[in-house]
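Residue-level structural notes
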Amino acid sequence: MTLDDARNEHTTLLSQISRWDRLYHTDDAPEVEDAVYDAARRRLLALEAEFPELVSSPTVGAALTSGFRTVQHRIPMISLENAFSDEDVADFLERTRKFLALPESMSVVVGAEPKIDGLSVSLLYEDGVFVRGATRGDGSQGEDITANLLTISAVPRHLPPPFPSILEVRGEVYMRKEDFLALNRVQEEAGGKTFANPRNAAAGSLRQLDAKITATRPLSLFIYALGDVSETIAETHHDILERLKNWGFPVNSLSRSCTGIEEILSYYRSIGEMRSGLPYDIDGVVYKIDRCDWQQRLGARSRSPRWAIAHKFPAEEARTLLKAIRISVGRTGILTPWAELEPVNVGGVLVSRATLHNEDDISRKDLRAGDTVVIRRAGDVIPQVVRPVPENPRGAEAFSMRQALTPEGGDHPVCPACGSHAERLDSEAGWRCSGGLVCPAQMVERLIHFAGRSAFDIEGLGEKNIVFLRHIGRLNTPADIFRLQAVEEAISLDNKAVWAAKGKTKLPRDISLDMLSVHQGRLGILPLTAFAGWQERSVEKLFEAIAARRTIAMERFILALGIPQAGEGTAKRLSRYYGAIGKWWDAMSQAATGTDEDRARALGELTEIEDIGPSVAGAILAFFAEAHNRSVVADLLDLVTVEEARKAATTSPISGKTVVFTGELVTITRAEAKATAEALGAKVSGSVSANTDFVVAGAKAGSKLTRAKELGRTILTEEEWGTLIAGVKGQRPLTS
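Worth saying up front: this structure is predicted, and the values here are computed from it rather than measured.

Here's the deal with the overall build of the protein chain
A count of helical and extended segments in the protein chain gives 26 helices and 24 strands. Across the 736 residues that make up the protein chain, the buried fraction comes to 47%. Relative to all contacts within the protein chain whose residues are 6 or more apart in sequence, the contacts with residues 24 or more apart total 68%. Carbon and sulfur atoms provide 50% of the accessible area of the protein chain, an area that totals close to 34900 Å².

Here it is as structure tokens:
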């Protein structure tokens, strides 16, 4: 491998790892399995070992988020190197021995402890008083979460003497499995966010900007190491843990001192065997050289200490019954099958459902309802069905998405969320719901697209605010955006009257969604200004931005509808071809509610438009075939003004005419010829029909020219076409 090749791969890996770190540490939403992440990390280190000039600055965790004060760590909180096999652990011991030049007769003692799957934190004590707590952050800087840590009962506020004047301890905040399940039940009942696993729940709870929310979450803590200390408190890691326990810090009772590889691996296997029965999640075992003077001599590499290593567990598997194959609807309308399982403990987590990816994957694995199957938590996060157990009785019949989506007595597949038509497009592996604008499972994504920069471009109506407005019931369809102000004014008047009747003049302020779910009945329907983050001026600015978009170009309106396969180019072509929204609306409505002949006519008309083929045309007609979608579009047209497509000068001899280009053009490219024709008001089509006015035939013209002759259409050479449009003001001829 050359240096340039290595540099390119190194840059790609850094970008991937940075994204994965952000999703895991900052967003609490892991994207890939641990095994995939670890493999990328190992490859990055291998490249840097072979090409030292590529070594990058240390990276741990992810970039800090706004909202918390930044804390500079006194000593960096770097991460641990991983071991994935017994040989890796033996190599760690051998490297230690060689680095320290230890004789074979001298034993190497390590402290061994379970690796808790939670959020790393630092706690600082000055003169025995807890003064500051922080997340690991990017390793050099963390987020000040002192107020949040004070809500955890396991955090000592004061230490019993004697103690050093400065004591920094490090540990892991986690959530017990039973507390995690209880929290998710409460969240689900309140209509709030549920968490994928205890680690995400702990991280999301601890990093709340409102410490009152953290206080309601059942968080636990283990302390496992020192950070900065003003004086030596012990000579070994084992004795440090004893001192920490005496000061009241929670220390894992399973921590042990081990000597030699056999004792270390025996401990690892015993922890692995009890893993599923532990009340908290672990993903491996950590080994630390016991002697503190040896730790100091070993020091650290740029990203990890030489005196410690994490021995990771392999992905854990279990067997259970595949009770049924269900189907969920994604935010873009993709229909995805998933497995309903007899609940089984996998890696300490009770798993009752798992992803099945798509129909092809189910067919390849030959999975059937009623099978006994092997379940694996990929990276100890995402449950997956690996395979059926062949020696057990098989399920009765093979799975079919078409059959599963077709209701009993029905004659075609429908979306399980909204009942709209569902179809599998030839170009896609999955099935899709055509309900678009009304399907509740797709609504947030559709609204984000609708208000996005390429469509209505409504300033201040991004994903965060759309999710919020959906949550409080203000947005259900795109048309609701243009009713927001009127609804808000009515609610404000109503709310003032209700609170005045209670004898109160001070209206509620800074209500969070968590508070709303608890006090909904008492608070009633609140105006936007009652919610946290919604000041009067920010609400006014949103309404001003919406009002500014009540008049919109036709092509933007079409794009905003989010019709599958109909992007910006298709929206522009539809706009130019039909000219006015009313003409397009009438044509699509007629196709949807009329006869088979009406639909065939509309399909033919659409496919006449340049670059709109049968697949795109079919998607457009399928969209309008749903009465729900037509209702939403009609509602929108009552609330907004759609401008007609820009018309060409009336002096153009081709304005309103349909033109087809075929063969090789000599003096201009095909793309420029089409653009010129469209700019002069012509409709450019990709096929010849009875509606075609001109066929411009270049060299090697084929079947389109033959078809034009059969239909008696006007055929022009490239030179004749140039002469036809040459007289238009400002337009040069196509030929020299």
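Considerations on helix H21 (residues 596-608)
Across its 13 residues, H21 extends 18 Å between first and last C-alpha, which sits within 8% of the 18 Å expected from 1.5 Å per residue. Every buried residue of H21 is accounted for by Asp598, Ala602, Leu606 and Glu608. Axial view of H21: buried residues confined to an arc of 155 degrees, hence all on one face. For H21, the exposed residues lying more than 90 degrees away from the buried face are Asp596 and Glu597. Close packing links the buried residues of H21 with helix H19 (568-578), helix H20 (581-593), helix H22 (614-625) and strand E22 (683-685).

What to know about the sheet that holds strand E2 (residues 81-83)
What links the strands of a sheet is backbone hydrogen bonding, and the strands pair in either a parallel or an antiparallel sense. Ordered in space as E2-E11-E10-E3-E9, the 5 strands form an open sheet in which the pairing is mixed. Each edge of the sheet is formed by a strand with only one pairing partner; in this case those strands are E2 and strand E9 (256-259). On average, each strand axis in the sheet is tilted by 35 degrees relative to the strand beside it, whichever way the strands run. The pairing of strand E10 (residues 282-289) with strand E11 (residues 308-312) spans 5 bridges and is antiparallel. Paired with Gly284 across the strands is Lys312, a residue of E11. Sitting on the sheet, helix H8 (residues 237-246) touches strand E3 (109-116), E9 and E10, and the angle it makes with E3 is about 50 degrees.

Thoughts on the side chain of Thr477
In this structure, Thr477 sits in the loop between helix H14 (463-471) and helix H15 (484-501). Ignoring anything within four residues of it in the chain, the contact list for Thr477 reads Met443, Leu447, Arg483, Val632 and Asp635.

A short note on the nonpolar core
Ranked by internal contacts, the top residues of the largest apolar core, which has 61 residues, are Phe557, Tyr578 and Trp584. The contacts of Trp584, once residues within four sequence positions are left out, are Met554, Ile558, Leu561, Ile563, Leu574, Tyr578, Ile620 and Phe624. Counting residues in hydrophobic clusters, the runner-up holds 34 residues, among them Ala201, Phe249, Val251 and Cys292.

Here we look at the sheet that holds strand E4 (residues 119-126)
Read from one edge of the open sheet, 4 strands run E5-E4-E7-E8, paired in antiparallel fashion. For this open sheet the edge positions go to strand E5 (129-135) and strand E8 (220-229), each flanked by a neighbour on one side alone. Strand-to-strand twist in this sheet, taken as the mean axis angle between neighbours without regard to direction, amounts to 25 degrees. Here 6 bridges tie E4 to E5, and the two strands are oriented antiparallel to one another. Across the sheet, Tyr125 pairs through a bridge with Phe130, a residue of E5. In the packing of helix H6 (residues 198-206) onto the sheet, the strands contacted are E4 and strand E7 (166-174), and the crossing angle to E4 comes to about 40 degrees. Relative to the sheet, H8 contacts E7 and E8, its axis offset from that of E8 by approximately 115 degrees.

Here's the deal with the pattern of salt bridges
Considering all chains together, one arrives at 29 salt bridges under this definition. Between Arg549 and Asp457 there is a salt bridge, with the nearest N and O atoms lying 3.7 Å from each other. Here Asp457 lies in the loop between helix H13 (443-451) and H14 and Arg549 lies in the loop between helix H17 (536-547) and strand E19 (551-553), a separation of 92 residues in the sequence. With relative accessibility at 28%, the residue Arg549 sits in the partly exposed group.

Thoughts on the packing of H13 against H14
The N-to-C vectors of H13 and H14 enclose an angle of 135 degrees; their axes lie 10 Å apart at closest approach. The angle between H13 and H14 places the two elements in the oblique class. In the crossing of H13 with H14, the sense of the turn from one axis to the other is right-handed. Two secondary-structure elements touch here, H13 through Met443, Val444, Leu447, Ile448 and Ala451 and H14 through Glu463, Ile466, Val467 and Arg470.

Describing the packing of H21 against H22
Relative to each other, H21 and H22 sit at 130 degrees, their axes nearing to 9 Å. Classed by the angle they form, the pair H21 and H22 counts as oblique. For the pair H21 and H22, the sense of crossing is right-handed. When H21 is examined against H22, the residues Arg599, Ala602, Leu603, Leu606 and Thr607 are found in contact with a partner set consisting of Pro614, Ala617, Gly618, Ile620 and Leu621.

Observations regarding the confidence of the model for the protein chain
For the protein chain, the mean per-residue pLDDT works out to 83, and 85% of the residues sit at or above 70. Across residues 57-64, confidence stays below pLDDT 50; counting only partners more than four residues off in sequence or on other chains, it has 28 contacts. Contacts for the low-pLDDT stretch residues 729-736, under 50 throughout, to residues beyond four places or in other chains number 16 contacts.

Here we look at the pairing of strand E24 (residues 714-717)
Successive residues of a regular strand alternate their side chains across the two faces of the sheet. Here strand E23 (residues 694-697) runs beside E24; their pairing, made up of 4 bridges, is parallel. Paired with Val696 across the bridge in E24 is Leu716. Taken together, E23, helix H25 (residues 703-711) and E24 constitute a β-α-β crossover, and its handedness is right-handed.

Some remarks on the environment of Ala617
Along the chain, the position of Ala617 falls in helix H22. By relative accessible area, Ala617 is classed as buried at 0%. Ignoring any residue separated from it by four or fewer positions in sequence, one finds Ala617 in contact with Leu603, Leu606, Thr607 and Ile612.

Observations regarding the side chain of Lys177
Here Lys177 lies in helix H5 (residues 177-189). One buried charged side chain, Lys177, makes no salt bridge at all; its nearest oppositely charged neighbour is Asp281, positioned 4.1 Å away. A polar contact is formed between the side chain of Lys177 and the backbone oxygen of Leu278, at a distance of 2.8 Å.

The rules behind the values
For every chain, the first residue of the written sequence is number 1, and numbering continues from 1 onward in sequence order. Per-residue local features of the predicted model are confined to residues with pLDDT of at least 70, and side-chain atom pairs are confined, for both listing and counting, to 80 or more; whole-chain, interface and lining totals are unaffected and use all residues. Remark: hydrogens and water are excluded; side-chain values derive from all non-hydrogen atoms of the structure. Working definition: helices are DSSP H or I runs of at least four residues, strands are E runs of at least two. Numbering for both runs from the N terminus. Type-normalised accessible area, obtained with a 1.4 Å probe on protein chains alone, sets the label of each residue: buried when under 20%, exposed when over 50%, and partly exposed for intermediate values. Here, residues are in contact when the closest pair of their heavy atoms is within 4.5 Å. The Shrake-Rupley method, run with a 1.4 Å probe sphere, supplies the accessible areas, and residue values consider only the shown protein chains as cover. In this scheme, a helix's expected span is set at 1.5 Å multiplied by one less than its residue total. Relevant arc is that of directions from the helix axis to the C-beta atoms, nothing else. For two strands to count as paired, DSSP must find a minimum of two bridges between them. In this analysis an axis means a line fitted to C-alpha atoms, helices contributing only their contacting stretch, and an angle means the value between N-to-C directions, from 0 to 180 degrees. Side-chain atoms within 4.5 Å link the members of a nonpolar core, which is a set of buried Ala, Val, Leu, Ile, Met, Phe, Trp, Tyr and Cys residues. By definition here, a salt bridge exists when the distance from a side-chain nitrogen of Lys or Arg to a carboxyl oxygen of Asp or Glu is within 4 Å. For this classification, under 35 degrees means roughly parallel, over 145 means roughly antiparallel, 65 to 115 means roughly perpendicular, and everything else is oblique. Crossing handedness is defined as follows: a turn of the near helix away from the far one that is anticlockwise and smaller than a right angle gives a left-handed crossing, while the clockwise case is right-handed. Known as pLDDT, the predictor's confidence for each residue is given on a scale from 0 to 100. By the criterion used throughout, a crossover qualifies as right-handed when its path from the first strand across the helix to the second strand runs clockwise, the strands pointing away from the viewer. For the purpose of charge, His is not counted, nor are the chain termini; Lys and Arg are scored as positive and Asp and Glu as negative. In the analysis that follows, any N or O atom pair within 3.5 Å is treated as a polar contact, provided that within protein one partner can donate a hydrogen and the other can accept it, and provided that, for residues neighboring in sequence, both atoms belong to side chains.

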